[in-house]
Amino acid sequence: LLSLELPEPLPRSELLDSFAKSSRRLILLGLLGTLINYSDFKEMHPLSDKLWGDLLTLASDPGNCVVVITGRERGLVSQWLGDLPVWVVAENGVFVRLGGPSTEWACPLEPVEPNNDWKASIKPVLKYFEERTPGSITESQEHTLTWHYRDSDEDFGEIQASDLQLHLKEVLGNQPVEVFLDSKMVQLRPYGVSKGAALEAVLEACTLGPRDLASVPSTRRERTDDTTARLERESNTSSLHELSEDLATAAAAAEAPLTQEALAAAAGAAERLPLDFVLCLGAHSMRDEDLFGGLLPKEGEDREEYMEHLPADAKHVWTCRVGRQPSQARHYVDDEREAAALLAQLGAATRIGQEKEREQAAVQLQLDEAAAASIDGDA
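Not measured: the values here are computed from a predicted model. (Residues numbered from 1 in each chain as written. Predicted model: local features only at pLDDT ≥ 70, side-chain atom pairs only at ≥ 80, totals over all residues. Heavy atoms only, no water.)

As for the sheet that holds strand β7 (residues 145–148)
Let me state the cut-off plainly: Pairing between two strands requires that DSSP report at least two bridges joining them. Going along the chain from the N terminus, every DSSP run of H or I of four or more residues is numbered as a helix, and every run of E of two or more is numbered as a strand. Fitting a line to C-alpha atoms yields each axis, with helices limited to the stretch in contact; the angle taken between N-to-C directions then spans 0 to 180 degrees. By definition, residues are in contact when any of their heavy atoms lie within 4.5 Å.
Strand order across the open sheet formed by four strands is β6-β7-β9-β8, with antiparallel pairing between neighbours. Looking at the sheet topology across the chains shown, the edges are occupied by β6 (137–140) and β8 (177–182). Averaged over neighbouring strand pairs, the angle between their axes works out to 15° when direction is ignored. Of the pairings in the sheet, the one linking β7 to strand β9 (residues 185–190) comprises four bridges and is antiparallel in character. Within β9, the position partnered with Trp147 by the bridge is Val186. Relative to β7, helix α5 (residues 119–131) is tilted by about 5°, and along the sheet it contacts β6, β7 and β9. Helix α6 (residues 154–172) contacts β7, β8 and β9 of the sheet and is inclined by roughly 170° relative to β8.

Encoded structure:
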């Protein structure tokens, strides 16, 4: 059972000090409710240039591994994040991309992707509730269906959501699908899928060693009308745009992909480099609170093998919920604006650290040149 408590306000100065003193960092970020608000999500607005720049700064630093963990489908995420060199966990863990845009997507739910036979009978049900609940929309993903009612009348929306949840559980019967109501949505997803379940794969991959940043972009690419038209398609069940699987590939960089098989081979040969800083920041549903819980210190049989990769001192593992409500996270920030402000501070700290490294490298170069000149003079 989840142990949920009201988190404390995030002590930013302590977090920034922890960040500045570290060199192997993992930053886990939510998307909806963290990097973008619900209104921008509905209207398909892009990330702000300021936030995009801060994410680029963080993800371009070889000492940082930035991972966006979201319930949105991979094509949609590819449109929002574009060529940012971030890793992605999409559809709550159905798909993972453990590398930048040129890395292949993988489905960790072995041996095959989930069966979608149940979706055809459920979409008309969600459409029925959408038409009878003003302000609600349906989001159809590759293996997930989500009915959002955040913009509906609060009381009526809650009644409709409860009725929908009960009806879906009756209709689905023994299908391997979970139905839950939380965070102003009713969601159906493959059984056993959660953001926390993807944590092991992320930690195993990000502790392999230095990342290849040869393809990191220096500026944000402009989205042309033609590109946007190719990436977007209208949903049959709502005004929310969906993106197809093949167009997600088109959004990636045009270079040879780094396959998951190659990552697995590297994992077997590489020396592990434990992390010394972890930040998990997001507005995750109750079903995905295991992402925060999976980072909490544990002992004995409850301790998972992947925890060996976490910082030895638990004070350098920061779990922070966006929005104050009972959670397994230790801290919280109020909203997306505060989340963006925190990322801006981390970006600024990264730039300061990079400048210090350049200065130290320049001093070392001068010392080496002076030593070489002295040797030549003695000869």
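Considering the environment of Gly294
Rules: Relative accessible area decides the class of each residue, using a 1.4 Å probe on protein chains only: under 20% of the type maximum gives buried, over 50% gives exposed, and in between gives partly exposed.
One can find Gly294 in the loop between α11 (290–293) and β13 (317–322). Gly294 gets classed as buried once you look at its relative accessible area, which sits at 7%. When the C-alpha atoms of Gly294 and Glu200 are compared, they prove to be 9.1 Å apart, with 94 residues separating the residues in sequence.

Notes on helix α7 (residues 199–206)
This is how it is decided: Here the arc refers to the set of directions running from the helix axis out to each C-beta atom.
Looking only at α7, the buried set comprises Leu199, Val202, Leu203, Ala205 and Cys206. Mapping the buried residues of α7 onto a view down its axis gives an arc of 165°, with all of them on the same face. Against β2 (25–29), β3 (64–69), β4 (87–90) and α11 lie the buried residues of α7.

Some thoughts on the sheet that holds strand β5 (residues 95–97)
If you trace the eight strands from one edge of the open sheet to the other, you get β1-β14-β13-β12-β2-β3-β4-β5, paired in mixed fashion. Taken across any chain shown, the strands that pair with only one partner, and hence form the sheet edges, are β1 (8–9) and β5. Direction of pairing for β4 relative to β5: antiparallel, over a ladder of three bridges. The residue of β5 that forms the bridge with Val89 is Val96. Against the sheet, α7 touches β2, β3 and β4, its axis set at about 150° to β2.

Overview of the packing of α5 against α6
For clarity, the threshold we go by: Here the word oblique covers every angle except those under 35 degrees (roughly parallel), over 145 (roughly antiparallel) and from 65 to 115 (roughly perpendicular). Left-handed describes a crossing in which the near helix is turned anticlockwise from the far one by less than a right angle; the clockwise case is right-handed.
At a minimum axis distance of 11 Å, the contact between α5 and α6 shows a crossing angle of 165°. If you check the angle between α5 and α6, you find them roughly antiparallel. In terms of crossing hand, the pair formed by α5 and α6 is right-handed. In this structure, α5 contributes Ile122, Val125, Leu126 and Phe129 to the contact, and α6 contributes Gln160, Asp163, Leu164, His167, Leu168, Val171 and Leu172.

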